[in-house]
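Chain by chain, the residues run as shown.
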Amino acid sequence: MPSAAALDRFDLAILDILQTDNTTPQRVIAQAVNLSAPAVQRRIQRLQGTGVIRANVAVLDPEKVGKPLTILVEVHLENERPDRTAPLRARIAAEEAVQQCWSVTGEADYLLVVAVASMADYEALARRLFEGDDNVRRFRTSVALGCLKAGLRVPLGTEPGPAGRVGAA
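Residues numbered from 1 in each chain as written. Predicted model: local features only at pLDDT ≥ 70, side-chain atom pairs only at ≥ 80, totals over all residues. Heavy atoms only, no water.

> Is there a simple way to think about the pattern of salt bridges in this case?
Counting across every chain of the model gives 10 salt bridges. The salt bridge involving Arg137 is made with Glu78; its shortest N-O contact spans 3.9 Å. Taken together, the residues span a long stretch of sequence, with Arg137 in strand S4 (residues 136-143) and Glu78 in the loop between strand S1 (69-77) and helix H4 (82-94) at a distance of 59 residues. Assessed through its relative accessible area of 44%, Arg137 is described here as partly exposed. When its relative accessible area of 48% is taken as the criterion, Glu78 is described as partly exposed. Overlapping salt bridges bring together Asp8, Asp11, Arg43 and Arg46 as one network. (Salt bridge = Lys/Arg side-chain N within 4 Å of Asp/Glu carboxyl O. Helix = DSSP H or I, 4+ residues; strand = E, 2+ residues; numbered from the N terminus. Buried < 20%, exposed > 50% of the residue type's maximum accessible area, 1.4 Å probe, protein only.)

As structure tokens, then:
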């Protein structure tokens, strides 16, 4: 996988465009970054092949598809040994309603982001994930009241910084 240093300004410009809209035609990207369309295509294929681009997906509005509740769940474990956490990790990975699961530092061991239709659906999910697992000390649930910002955009240093210069710190 290329390191950040191995990505040149053309790669970063292409990635920036694709993060905004990955359906942008390659000819439009080529014009924007001053490369030929075949060169852009080769670069995108390389970025996909090396795992820099992990997926091309549609971002849905959870409310419009019947999942209006976003729940944040802190999971506190008794023991973090891999053999003790493997069953929980497998259940979390298999659970469609879990959008994200992060292993974190601090008091909690995992932080989950969950999208569900109702509190009853969340309660059923919590039972599936945590009930009967003696390695789960406790879990804390927070219901999101609103969203100030959501996205998966990775900052590439191509946006103007505080001084208005690209890459300014």
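> When you look at helix H5 (residues 119-130) in this model, what are you seeing that I'm missing?
Residues separated by three or four positions in an α-helix point in the same direction, a consequence of the helix having 3.6 residues per turn. In this model H5 runs 16 Å from its N-terminal to its C-terminal C-alpha over 12 residues, within 8% of the 16 Å that 1.5 Å per residue would give. The complete set of buried residues in H5 reads Tyr122, Leu125, Ala126, Leu129 and Phe130. Down the axis of H5, the buried side of the element spans an arc of 100°, and every buried residue falls inside it. Among the structural elements, S1, H4, strand S2 (98-103), strand S3 (110-116) and S4 are those in contact with the buried residues of H5. Directly beyond the C-terminal end of H5, a positive phi value near 80° is found at Gly132. (Expected span 1.5 Å × (residues − 1). Arc of directions from axis to C-beta. Contact = heavy atoms within 4.5 Å.)

> Quick question: what am I supposed to make of the environment of Leu35 here?
Counting through the fold element by element, Leu35 comes out in the loop between helix H2 (26-33) and helix H3 (37-49). Placed 25 residues apart in sequence, Leu35 and Phe10 show a C-alpha to C-alpha distance of 8.2 Å. Sequence-distant contacts of Leu35, defined by excluding residues within four places in its chain, comprise Phe10, Ile14, Ala30, Val40 and Arg43.

> What's the story with H4 in this structure? I'm lost.
A rise of 1.5 Å per residue sets the reference length of H4, with its 13 residues, at 18 Å; its end C-alpha atoms lie 17 Å apart and thus fit the reference within 8%. The largest bend along H4 measures about 25° and falls at Leu88. Every buried residue of H4 is listed here: Thr85, Leu88 and Ile92. (Bend = angle between axes of the 7 residues up to and from the residue.)

> Help me out: how do you make sense of the sheet that holds S2 in this one?
Within a sheet, neighbouring strands are paired by backbone hydrogen bonds and run either parallel or antiparallel to one another. The strand order S2-S3-S1-S4 describes an open sheet built from 4 strands, whose pairing is antiparallel. The open sheet has two edge strands with one neighbour each: S2 and S4. Going across the sheet, the axis of each strand differs from the next one's by a mean of 20°, ignoring polarity. The pairing of S1 with S3 spans 7 bridges and is antiparallel. In the sheet register, Leu72 faces S3, and the bridge partner there is Val113. Strand contacts of H4: S1, S2, S3 and S4, with the helix running at about 25° to S3, the strand carrying the most contacts. (Pairing = 2+ DSSP bridges. Axes fitted to C-alpha atoms, helices over the stretch in contact; angles between N-to-C directions.)

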